[in-house]
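# Architecture and fold: a report
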Amino acid sequence: EAGLPPYIYPGPYQVSRRRSREVTAERERRMQIYAWDDRRKRQAKLDARKAKHDWATYKINKEKKFTALSKLPAYHPLAPGNLPK
């Protein structure tokens, strides 16, 4: 999100021309910021979708294989920690 505070209310009194221009300018500025924020969010979404369907990028969900060395009991000479130095 852009993180801007809500719209600035010009006040209950008569608004001078300068004040109304400032309020209009601020409103336009915020519209531009929110539009930029929406474009950035949309582009990130499209980039994620493109990366997901990229043939060169993939994940293989496999369970971790246990090797014979990892299943050795602690007292075995080839167990990790018991190997000769």
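Residues numbered from 1 in each chain as written. Predicted model: local features only at pLDDT ≥ 70, side-chain atom pairs only at ≥ 80, totals over all residues. Heavy atoms only, no water.

### Looking at the overall build of the protein chain
Put simply, the rule is: Where helices and strands are cited, they refer to DSSP runs of H or I of at least four residues and of E of at least two residues respectively, numbered from the N terminus. Summary of the burial criterion: residues with accessible area below 20% of their type's maximum are buried, those above 50% are exposed, and those between are partly exposed, where the area comes from a 1.4 Å probe applied to protein chains only. Throughout, a residue-residue contact means that at least one pair of heavy atoms, one from each residue, lies within 4.5 Å. Each accessible area value is a Shrake-Rupley result obtained with a 1.4 Å probe; residue values ignore everything except the protein chains displayed when judging cover.
On a plain count of helices and strands, the protein chain comes out with 1 helix and 0 strands. Considering the protein chain as a whole, with its 85 residues, one finds that 6% of them fall into the buried category. Of the contacts formed within the protein chain by residues at least 6 apart in sequence, a portion of 35% connects residues at least 24 apart. Here the protein chain displays about 8,500 Å² of accessible surface, and carbon together with sulfur accounts for 59% of that area.

### Some points on the pattern of salt bridges
Threshold: What counts as a salt bridge is simple: a side-chain nitrogen of Lys or Arg found within 4 Å of a carboxyl oxygen of Asp or Glu.
The tally for this structure, following the rule as stated, stands at 3 salt bridges. Residue Arg-30 pairs with Glu-26 through a salt bridge whose shortest N-O separation is 2.7 Å. Placement of the pair is Arg-30 and Glu-26 together in helix H1 (residues 17-52), with a separation of 4 residues, close to one helical turn. The pair formed by Arg-30 and Glu-26 is uniform in burial state, with each residue classed as buried. Salt-bridge contacts for Asp-37 lead to Arg-40; the nearest nitrogen and oxygen are separated by 2.6 Å.

### Some points on the environment of Ala-68
Residue placement: Ala-68 occurs in the segment after H1. For Ala-68, a relative accessible area of 64% corresponds to the exposed category. Between the C-alpha atoms of Ala-68 and Ala-79, which are 11 residues apart in sequence, the distance is 9.8 Å.

### Here's the deal with a nonpolar patch on the surface
What counts, and what does not: A residue counts toward a patch only above 30% relative accessible area and without a salt bridge, and it is joined to like-charged neighbours within 9 Å or, for Val, Leu, Ile, Met, Phe, Trp and Tyr, to nonpolar neighbours within 5 Å.
A cluster of nonpolar side chains, contributed by Leu-69, Leu-78 and Leu-83, occupies part of the molecular surface with about 280 Å² of accessible area. Mapped onto the secondary structure, Leu-83 falls in the segment after H1. Classification of Leu-83 as partly exposed rests on a relative accessible area of 44%.

### A look at H1
Selection criterion: Multiplying one less than the number of residues by 1.5 Å gives the expected span of a helix.
Over its 36 residues, H1 runs 52 Å from end to end, which matches the ideal 52 Å to within 8%, given 1.5 Å per residue. Considered for burial, the residues of H1 that qualify are Val-23, Glu-26, Arg-30 and Asp-37.

### Comments concerning the environment of Leu-72
Locating Leu-72 in the fold gives a position in the segment after H1. Leu-72 gets classed as partly exposed once you look at its relative accessible area, which sits at 24%. Leave out the neighbours within four places in its chain, and Leu-72 touches Leu-78 and Ala-79.

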